[in-house]
Amino acid sequence: MRRACLLCCLLTTGCIGFHPKDPKWRQPAEASTTPAAKPRPELAWREVGRSVRGRSLRTTTLGHGPRRVLWVGGIHGDETEGMVATASLPFEFLAIPDAEARVTLTILDDANPDGRDQKTRGNANGVDLNRNFPAPNFKPIRSFGIRPLSQPEAQALHDLILALRPHLIIVAHSWRGDHFINYDGPAEEPAARFARLSGYPLRASDSFAPTPGSLGSWVGNTLRIPILTLEYLRGRQPDEAWAETRTAILSVILEG
Ligand SMILES: [Zn+2]
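A brief look at the structure comes next. Because the structure is a prediction, the values reported are computed rather than measured. (Residues numbered from 1 in each chain as written. Predicted model: local features only at pLDDT ≥ 70, side-chain atom pairs only at ≥ 80, totals over all residues. Heavy atoms only, no water.)

### Quick notes on the sheet that holds strand S3 (residues 67-72)
Taken in spatial order, the eight strands line up as S1-S2-S4-S3-S5-S8-S6-S7 in an open sheet, and their pairing is mixed. Two strands in the sheet have a free side with no partner beyond their single neighbour: strand S1 (46-50) and strand S7 (202-204). Between one strand axis and the next, the sheet turns by 25° as a mean value, whatever way the strands run. Strand direction decides the pairing type here: strand S2 (residues 56-62) and strand S4 (residues 103-108), joined by four bridges, are antiparallel. When the sheet's bridge partners are listed, Thr-61 is paired in S4 with Thr-106. Against the sheet, helix H2 (residues 83-94) contacts S2, S3, S4 and strand S8 (227-233), and its axis sits at roughly 160° relative to S4. (Pairing = 2+ DSSP bridges. Helix = DSSP H or I, 4+ residues; strand = E, 2+ residues; numbered from the N terminus. Axes fitted to C-alpha atoms, helices over the stretch in contact; angles between N-to-C directions. Contact = heavy atoms within 4.5 Å.)

### What about the coordination of the zinc ion?
For the zinc ion, the full set of protein donor atoms is His-76 (ND1), Glu-79 (OE), Glu-79 (OE) and His-173 (ND1), at a range of 2.1 to 2.6 Å. Spacing between the donor residues of the zinc ion along the chain follows H-x2-E-x93-H. With His-76 in the loop between S3 and H2 and His-173 in strand S5 (residues 168-175), this residue pair connects regions lying 97 residues apart in the sequence. Residue class for His-173 comes out buried when judged on its relative accessible area of 4%. (Donors = N, O, S within 2.8 Å, 3.2 Å for Na, K, Ca; no water. Buried < 20%, exposed > 50% of the residue type's maximum accessible area, 1.4 Å probe, protein only.)

### Here's the deal with unusual backbone geometry
The phi dihedral of Lys-119 falls on the positive side, at around 60°, and the residue is not glycine. The topology assignment puts Lys-119 in the loop between helix H4 (113-118) and helix H5 (152-164). A positive phi is found at Arg-165, a non-glycine position, where the angle reads about 45°. Tracing the backbone shows Arg-165 in the loop between H5 and S5. A relative accessible area of 41% means that Arg-165 is categorised as partly exposed.

That is the geometry; function is a separate question.
Here's what the structure looks like:
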């Protein structure tokens, strides 16, 4: 099967499958039926857990390739800037030739649906789920949970990660007054590539705020799984946030 030029795919709104030097290459304007323009397929969602208030934590899985990637659309309920990225990602992924053969992409659209509903950082118990993971730096205080995985959302995400054993995890957040890409674990290379392709600065973990018991601490430092924490600018329009990071996100998903 002909392998598409990945960079061409990522730099156009819909991949047409040929390199510009290829005689079969068509100008994007002539490609009237790009894959992205086709009707969107139905996504199959699977429940992987429930929130404190009983809302479903759900995943959809795309592709069947050897590289396993997990996208988490949000874990802080008041950080919704990544919502268009999460909604668009499955279809843009499917539009790239070979993507399904190369990657198994699992998308958890929201790890904190109660927080999103009530527009709070924490879950319905007022616990910051991104401080409730069993990392050595866990701090047992009320707002972080009195023990690791005391919250059902954190337990579900923990179990999902151990079941998937992804090669890369990307989690969408937002930050007041700035945007950047942060990483934990052996993720220097994808983090640097993300920064180069998006223009988002690269920030080392813990250089801007202590993160005891964070998902990044547990995944990156305990499991040694590469994890990128994508901090959108707080209040950024979600479609603009996606446009800024689309190429970088698809690149780190597709390229190990
Ligand atoms: Zn956050």
